[in-house]
There are 2 protein chains.
Amino acid sequence: MMDIALIAVIVSLVGLAIAALLYKKVTSVEIDDPTVADITQQIQDGAMAFLKAEYRYLAIFVGVVAVLLYFVTETDGHLTALAFLGGALASVLAGFSGMKAATAANGRTAMAAQKEGQAGALAVSYNGGAVMGLSVGGLGLLGISLVAFFFGAGDDGSTNITHAAGFGMGASSIALFARVGGGIYTKAADVGADLVGKVEAGIPEDDPRNPGVIADNVGDNVGDVAGMGADIFESFVGSIIAAMVIADSSTNMNADYVILPIFLGLVGYLASLVGVFSMELLKNSEPGAALRNTTFIGAGLFWVVGWFGIGIMDLDTGTEPMVAVIIGSIVGILIGLVTEYYTGIEDVFGLKPKAIPHIGEMSKTGPATNAIAGLSVGMMSTFIPIILICFGIFGANHFMMDGPGSGSEYMPEFGLYGIAMAAMGMLATVGVTMTVDAYGPVADNAGGIAEMSGLGKDVRDITDGLDSIGNTTAAIGKGFAIGSAALTALALFAAYSAAADLKLSQVALSDPKVVIGLLIGGALPFVVAAMTMTSVGKAANEMVTEIRRQFKEIDGLLEGKEGVKPDSAKCVQISTDAALREMVGPGVVAIIAPVIVGFALGAPALAGLLAGSLVTGVLMALFMANAGGAWDNAKKAIEQGHIEGAEKGDAAHDAAVIGDTIGDPFKDTSGPSLNILIKLMSIVAVVIAPALTVTGWL
Amino acid sequence: MMDIALIAVIVSLVGLAIAALLYKKVTSVEIDDPTVADITQQIQDGAMAFLKAEYRYLAIFVGVVAVLLYFVTETDGHLTALAFLGGALASVLAGFSGMKAATAANGRTAMAAQKEGQAGALAVSYNGGAVMGLSVGGLGLLGISLVAFFFGAGDDGSTNITHAAGFGMGASSIALFARVGGGIYTKAADVGADLVGKVEAGIPEDDPRNPGVIADNVGDNVGDVAGMGADIFESFVGSIIAAMVIADSSTNMNADYVILPIFLGLVGYLASLVGVFSMELLKNSEPGAALRNTTFIGAGLFWVVGWFGIGIMDLDTGTEPMVAVIIGSIVGILIGLVTEYYTGIEDVFGLKPKAIPHIGEMSKTGPATNAIAGLSVGMMSTFIPIILICFGIFGANHFMMDGPGSGSEYMPEFGLYGIAMAAMGMLATVGVTMTVDAYGPVADNAGGIAEMSGLGKDVRDITDGLDSIGNTTAAIGKGFAIGSAALTALALFAAYSAAADLKLSQVALSDPKVVIGLLIGGALPFVVAAMTMTSVGKAANEMVTEIRRQFKEIDGLLEGKEGVKPDSAKCVQISTDAALREMVGPGVVAIIAPVIVGFALGAPALAGLLAGSLVTGVLMALFMANAGGAWDNAKKAIEQGHIEGAEKGDAAHDAAVIGDTIGDPFKDTSGPSLNILIKLMSIVAVVIAPALTVTGWL
């Protein structure tokens, strides 16, 4: 079965080579407009400066944790530490290459729109996204396969799966810092630039006079591309590792089950490559359909090949794991559609959304009622996705829980393994889904650059069109991100219980220590959400002060005098510093909390902590992401005339703009951070599990 | 041991008689100002009209549920149904008498301030509150004792403790409806009256021209007095029942443990009576000290007599239950102080609060940053109280978990019983703590009536002083309410596990069905919070429309023309209708959800649901109550000049007013509803437990 790991290594290297070729293809588009070239350069410089500074910080952190891991891990600590470094490095590489490609593709998409029209622009932005998609999928598969290959996962009795968990912990640590840092960066710049530029000075969005505009554009790449890439990378790796640990810890599951997740990752990656290439054939069709179809081709191929492949593998549970995979995919798609229903303006399958009109209506009585409406829509929108996740858990567990038995036997680890498979259903084709996710910000930024460079309405129309299509497809991506986070965290929880060798009766809800863990774990997402929101507020405040200062002190800037330029670099610096300074706290909380609770109160209390953070983490992530999305679209709905008796510029619109600003850190900083928080804590728990005792020190 | 129940019956009847005498004493104060008399009459009429309408609704609901209980309960269903009716009736009586006394005391406090000065006003308002306090404590103790006496709780093996749970379910059902209905009523009136009166028309608060002012004052009584009374009544009863069920279900615990909670309730009630009477001696001292001292006298006496009483009872665990009681009291006080730190303006034990200045500062950049700051303060403020609750659980469990054993034996039910005792530590002296809680709104409303009737600055100064003292004391009360809700819910969870006969391994966190329950349970507080917030928004909207109409259509109203009066009754009607219409949804969710999950997915899934709702319910309740309180005080801090560079009437103050309005439903409707939600679901689970199976239908 080691052959599969080897094949996966080769395929992922091929995939990474293709990503490199696509990058070359993107950069081969010439930028012959000097303003576009200049802005592209500034954004690229700002983004790279941030990444370099961030990686310097992270290098210290990663080094310290690696040393600690070496000492904490009971056997072969150096291997766990090595795997941890590998996971961190792979995540950094994925983020870096995606960012490099995205910042290169932004301006070139605008150029392609000018020279070749829509099909050309679509191809450039899609390929820009594909570099990210294929890097994330390829590096994830490569890393896990190498760990499995060298450390001999599941091949004999000597396996030490903790090494694989170490790889996941490296990836998750980087992911949390990237998400939090990127989220603070982008929202500080966004909120700051808007508050002074749009509200106070009354100049349009993306106006080149605004010193915060470059930082805002850098932020889009830092937050939406690099942050999201690290996030998805971590989910992909986490779901594979969870399944491997569960299989490895069970005496009922043979080595096939340890390697199966790698096999599925391999098939998913191959299917993604085909999906990505199909864009070449589809690019002249309607762009929305083209985007969707590349995803469908990837997913369909994955299902079919996976089904037959598992048949050939001749597992003792037959093709049941694939049933769980398919359940997971369907749940992910449905969560995406529900999200769309609560946060979107358009009908979803003929159902008229009620949330956005409600918020729009409540905006008429002012910002307070707008805020109350947005908050309640966000809270209400958690329910159906939670029920869908429950269906996913129920279904995946139901079809696998009898294991290879006759149906009368009950083997809980198979059911839990099924849940990890359902998560894989949302993540195996990450190569193509992430491509579409990363395409969105590229198209969005292309529009911004076109605006700043004055490329004209035709170009802007094309980029706006590409952007709006990206938004709908992104909703499905969000559903996958949230659904897979919940299922992966649950699978990691099962992996932790297995790794800590906890008996069922030791993680009983009626044990006071488990309840204490549950309560503390439940509180942590509130704490991290509070920290990240406060950070955005503080950083935005600094940005406001600086932009106000420039408008006041730089003669002729606000009037648009020829040759007078804002000091954009200063704003970039402010965002960078704030993001780096503020990302430390939440990251430390996420890593320290499970360690303290695990050692002080014992392994069962840590199990409680993981379960508690899973519950409130998923709920708060849904609440914050959806409230933010709904506020954003309620504002757009007023601007587009969807709300009777309200229009751009009136009091209702002002109220909606305030709601949108409240929602900024909700949807782009705090909400997404929580998805990673729960997985990072789970994987830290898996790594330290062997060192824990049942009673703890207290 | 049945003697104790009998003594409790007698003592509670005596206490209720004293409450009646205090009511007579309050009403003996003459109202000789015609305006005060008129307003008092209007408020009393409005409040009674609402209560009557509410009770008509509830009568139908209670009747239907009683019939269902009769059929669902396995043995002696008629007794459970009867106990349920008794619990509902007792709760209604407690709410009704408290409301009657409070509405009578409001205007009379203002009169006493005018005629007798501060001491007289303090006595009237305190006695007004004491009617509520003694009714809640007396009716709770009476009801539980009667149930124990007639159904023979714990006296022999034939006990059916489900009947006692039925009583609790009756109390909890009424409590949820009263809290939700009252909360919607008061906030609809408050938000509506403020938005049109203060913001649009620019007239002061409590101005008699505002048609919404009477409804607002009625709302204060309906929400803060009747709603809170039903809430505390339910907590008190719930904690006693939880302990009784745990003791009754254990083979290691003898009948003493079943009756012990009634004994403690009895001692606490007697101590409360002494505390309440001590006001007679203290009323001429500094009012803040007087209030605190009545509470301390009650609590101290309870500790001392309880300690010796338990010694005389000669339990096989010695006085250990009393240790748990004291831990509970201390935790409750500390939670109150932390709440004060996060939401107050004044130093707490020399610590300078940072939250309010932060929100004040962030108000300067507008409503969006004010809202973000308030939300993050609310989220952050959950952490320390949760840790304190965990300490309470840990301590109470730690001291009792060995039971009467030598210390090496582990008897989990004793630890869980200890947690119920800790809850009792916060609730046994409810007679006096509730008195102080109810005193606050009386003093507050006395101020409003003084304002409306033009009684002059001297009177207003006295009532304002009494009001502000009430606020500080109320913080401790809030700490008790939240802390006891968490511990009671946890104890009820243990009671449910015992009643459903669930083994430890059946409620394991790694069971997918338990996790499904956990997720659904976790989502319910979000759903109920969303429903109640939406309801307030809708009802406030109706109120706004009506007040605008009156200002427009009633000639001379806004100008204050002699003899022109607003149609206050219409506004009272709107609030009443909205409250009644909107309270149904959340109430039904709370009762139906555990029934559906319990029967469909089985008893372990329902255990998961209870644990999930406990975690998010407590967190959301803390988050919403504290965010609301912080927004409120940030506005006051600006008004009182505590925030440099901001003052009443400027943009920062406007932003703070918006934050305060967002916080209104947070702190007075949704937040408090969640405390009851989790307990109601738990007690419904206890009642249906014997009818459930492990696997459920699915």
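Residues numbered from 1 in each chain as written. Chains lettered and ligands numbered in written order. Predicted model: local features only at pLDDT ≥ 70, side-chain atom pairs only at ≥ 80, totals over all residues.

Colleague: Whenever I open this one, the overall build of chain A confuses me. Can you help?
Modeller: Of the regular secondary structure elements, chain A holds 18 helices and 0 strands. Since a compact globule built from 698 residues should have a radius of gyration of about 26 Å, the 24 Å found for chain A is in line with a globular shape. The principal-axis extent of the C-alpha atoms belonging to chain A is close to 75 × 55 × 50 Å. Looking at chain A as a whole, 68% of its 698 residues qualify as buried. Long-range pairs, those at least 24 residues apart, make up 85% of the contacts in chain A with a sequence separation of at least 6. (Helix = DSSP H or I, 4+ residues; strand = E, 2+ residues; numbered from the N terminus. Rg over C-alpha atoms; globule rule 2.2 N^0.38 Å. Buried ≥ 20, exposed ≤ 12 C-beta atoms within 10 Å, placed from the backbone. Contact = placed C-beta atoms within 7 Å.)

Colleague: Which parts of the structure should I look at to understand the interface of chain A and chain B?
Modeller: Often, the extent of an interface is quoted as the loss of accessible area on bringing the components together. Counting residues at the interface gives 63 residues for chain A, matched by 62 residues for chain B. Elements with a contribution of two residues or more to the side of chain A that touches chain B: helix H10 (367–380), helix H11 (383–400), helix H12 (412–427), helix H14 (457–499), helix H15 (512–553), helix H17 (603–639) and helix H18 (651–688) of chain A. Here the side of chain A that touches chain B gets 18 residues from one element, more than from any other, and that element is H15 of chain A. Split into classes, the residues belonging to the side of chain A that touches chain B amount to 46 nonpolar, 17 polar and no charged. (Nonpolar A, V, L, I, M, F, W, Y, C, P; charged D, E, K, R; others polar.)

Colleague: What should I look at first to understand unusual backbone geometry in this one?
Modeller: Among all residues save glycine, negative phi is the norm, and among peptide bonds the norm is trans. At Asp501 of chain A, a residue that is not glycine, the phi angle is positive and equals roughly 60 degrees. Examined against the element boundaries, Asp501 of chain A turns out to sit in the loop between H14 and H15.

Colleague: Can you help me understand the packing of H15 of chain A against helix H18 (residues 603–639) of chain B in this one?
Modeller: The relative placement of two packed helices comes down to the angle between their axes together with the axis-to-axis distance. Viewed as axis vectors pointing N to C, H15 of chain A and H18 of chain B meet at an angle of 45 degrees, and their least axial separation amounts to 10 Å. By the angle between their axes, H15 of chain A is oblique relative to H18 of chain B. Like other packed secondary-structure pairs, H15 of chain A and H18 of chain B cross with a definite hand, here right-handed. In this structure, H15 of chain A uses Leu518, Leu519, Gly522, Ala523 and Phe526 of chain A to contact H18 of chain B, whose residues at the interface are Ala611, Val615, Thr616, Leu619 and Phe623 of chain B. Across the contact of H15 of chain A with H18 of chain B, the residue classes tally to 8 nonpolar, 2 polar and no charged. (Axes fitted to C-alpha atoms, helices over the stretch in contact; angles between N-to-C directions. Parallel < 35°, antiparallel > 145°, perpendicular 65-115°, else oblique. Left-handed = near helix turned anticlockwise from the far one by under 90°.)

Colleague: What should I look at first to understand the nonpolar core in this one?
Modeller: In a soluble, globular protein the nonpolar side chains are often hidden away together inside. In this structure, Ile246 and Ala491 of chain A together with Ile246 and Ala491 of chain B are the most contacted members of the largest nonpolar core, which totals 568 residues. Leaving out residues up to four positions away in the same chain, Ala491 of chain B has contacts with Ser239, Ala242, Ala243, Ile246, Leu416, Ile419, Ala420 and Ala423 of chain B. (Core = buried A, V, L, I, M, F, W, Y, C linked by C-beta atoms within 7 Å.)

Colleague: What's the story with the relation of the copies chain A and chain B in this structure? I'm lost.
Modeller: Here the second copy of the chain follows from the first by a rotation about an axis and a shift along it. With an RMSD of 0.0 Å, the operation that places chain A on chain B is a rotation of 180 degrees combined with a shift of 0.0 Å along the axis. Expressed as a symmetry operation, the mapping of one chain copy onto the other fits a two-fold axis. (Least-squares fit on C-alpha atoms with pLDDT ≥ 70 in both.)

Colleague: So what exactly am I meant to see when it comes to the environment of Ala81 of chain A here?
Modeller: Residues and elements named next belong to chain A. One can find Ala81 in helix H3 (residues 77–151). Given 24 C-beta atoms within a 10 Å radius, Ala81 is considered buried. For the pair Ala81 and Ala420, spaced 339 residues apart in sequence, the C-alpha separation works out to 25 Å. Sequence-distant contacts of Ala81, defined by excluding residues within four places in its chain, comprise Ala66, Leu69, Tyr70 and Gly166.

Colleague: Help me out: how do you make sense of the packing of helix H10 (residues 355–363) of chain B against helix H11 (residues 367–380) of chain B in this one?
Modeller: Residues and elements named next belong to chain B. Where H10 contacts H11, the two axes come as close as 7 Å, and the packing angle between them is 160 degrees. Between H10 and H11, the crossing angle belongs to the class labelled roughly antiparallel. Where H10 crosses over H11, the handedness of that crossing is right-handed. Two secondary-structure elements touch here, H10 through Ala355, His358, Ile359, Met362 and Ser363 and H11 through Thr369, Asn370, Ala373, Gly374 and Val377. Here the residues of the contact of H10 with H11 sort into 5 nonpolar, 5 polar and no charged.

Colleague: Quick question: what am I supposed to make of H18 of chain A here?
Modeller: Each full turn of the α-helix corresponds to 3.6 residues, which orients residues three or four apart in the same direction. Compared with an ideal rise of 1.5 Å per residue, which puts 38 residues at 56 Å, H18 of chain A spans 55 Å between its outermost C-alpha atoms and is within 8% of the ideal. Counted residue by residue, H18 of chain A has 36 buried out of 38 residues, so it is predominantly covered. (Expected span 1.5 Å × (residues − 1).)

Colleague: What should I look at first to understand H18 of chain B in this one?
Modeller: Residues and elements named next belong to chain B. Spanning 37 residues, H18 covers 53 Å between terminal C-alpha atoms, matching the ideal 54 Å at 1.5 Å per step. Taking burial as the measure, the 37 residues of H18 include 35 buried ones, the bulk of the element. Following H18 by one or two positions, Gly641 adopts a phi angle in the positive range, close to 80 degrees.

Colleague: Is there a simple way to think about the confidence of the model for chain A in this case?
Modeller: Parts of the model with low pLDDT should not have their predicted coordinates read in detail. Residues and elements named next belong to chain A. In the predicted model, chain A carries a mean pLDDT of 89, and the fraction of residues at 70 or more is 97%. Across residues 154–159, where pLDDT falls below 50, the model places 14 contacts with residues more than four positions away in sequence or in other chains. Here the predicted complex scores 0.93 on pTM and 0.93 on ipTM. (pLDDT = per-residue confidence, 0-100.)

Colleague: I keep staring at the environment of Ala603 of chain B and nothing clicks. Help me out?
Modeller: Secondary-structure assignment places Ala603 of chain B in helix H18. Distance from Ala603 of chain B to Gly696 of chain B, taken between C-alpha atoms, is 7.1 Å for residues 93 residues apart in sequence.

Colleague: Help me understand the environment of Phe599 of chain B, please; the structure alone is not making it clear to me.
Modeller: All names here are of chain B. Mapped onto the elements, Phe599 comes out in helix H17 (residues 568–601). Separated by 99 residues in the primary sequence, Phe599 and Leu698 place their C-alpha atoms 8.8 Å from one another. For Phe599, the contacting residues outside a window of four places in its chain are Leu692, Gly696 and Trp697.

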